[in-house]
Amino acid sequence: MDYKKTNAPQTTTVNDLIELAEPTGNVYESITVISKRANQIAAEMKSDLEKKLQEFASMNDNLEEISENREQIEISRYYEKLPKPTLIATQEFKDGKLYFRNLAKEKDGFDF
């Protein structure tokens, strides 16, 4: 996922709950979809950051050898400035970019 190209706001915004509830018909279900997507995004961002910072890790670190690495600091600052995963997930949900389904509702249509 390219985090630079997201049009999610940088800060928290007010959302209309009725607008959020439209795709699912239930505001709580919509929030559940958004929260699950936010968890996926957060895990992906964390693994990307760890992968990039792994290049700077050395096997025999001790307190005397630790020094500031400007590249490492810049990478960390970049990830700190990105929109939070909840904001990205909410924007994706509002834009209709998320695919979701409720298995419990689908199950009701079948006889078991």
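The preceding data block contains the structure.
Rules used in this analysis
Residues numbered from 1 in each chain as written. Predicted model: local features only at pLDDT ≥ 70, side-chain atom pairs only at ≥ 80, totals over all residues. Heavy atoms only, no water. Core = buried A, V, L, I, M, F, W, Y, C linked by side-chain atoms within 4.5 Å. Buried < 20%, exposed > 50% of the residue type's maximum accessible area, 1.4 Å probe, protein only. Helix = DSSP H or I, 4+ residues; strand = E, 2+ residues; numbered from the N terminus. Contact = heavy atoms within 4.5 Å. Axes fitted to C-alpha atoms, helices over the stretch in contact; angles between N-to-C directions. Parallel < 35°, antiparallel > 145°, perpendicular 65-115°, else oblique. Left-handed = near helix turned anticlockwise from the far one by under 90°.

Asker: Please clarify how the nonpolar core should be interpreted in this entry.
Answerer: Membership of the largest hydrophobic core comes to 13 residues, with the highest contact counts inside it found for I34, I41, M45, A89 and F93. Among the secondary structure elements, those contributing two or more residues to this core are helix 2 (27-54) and helix 4 (85-95). Looking at this core element by element, the count peaks at five residues for helix 2. Ignoring anything within four residues of it in the chain, the contact list for F93 reads L20, P23, T24, S30, V33, I34, L98 and F100.

Asker: What exactly am I supposed to notice about the packing of helix 2 against helix 4 here?
Answerer: Relative placement of two packed helices is described by the angle separating their axes and the distance separating the axes. Where helix 2 meets helix 4, the axes come as close as 8 Å, and the angle between the chain directions of the two elements is 130°. Between helix 2 and helix 4, the crossing angle belongs to the class labelled oblique. Read as a crossing pair, helix 2 and helix 4 show a hand that is right-handed. Contact residues: S30, V33, I34, R37, A38, I41, A42 and M45 in helix 2; P85, T86, I88, A89, T90, E92 and F93 in helix 4.

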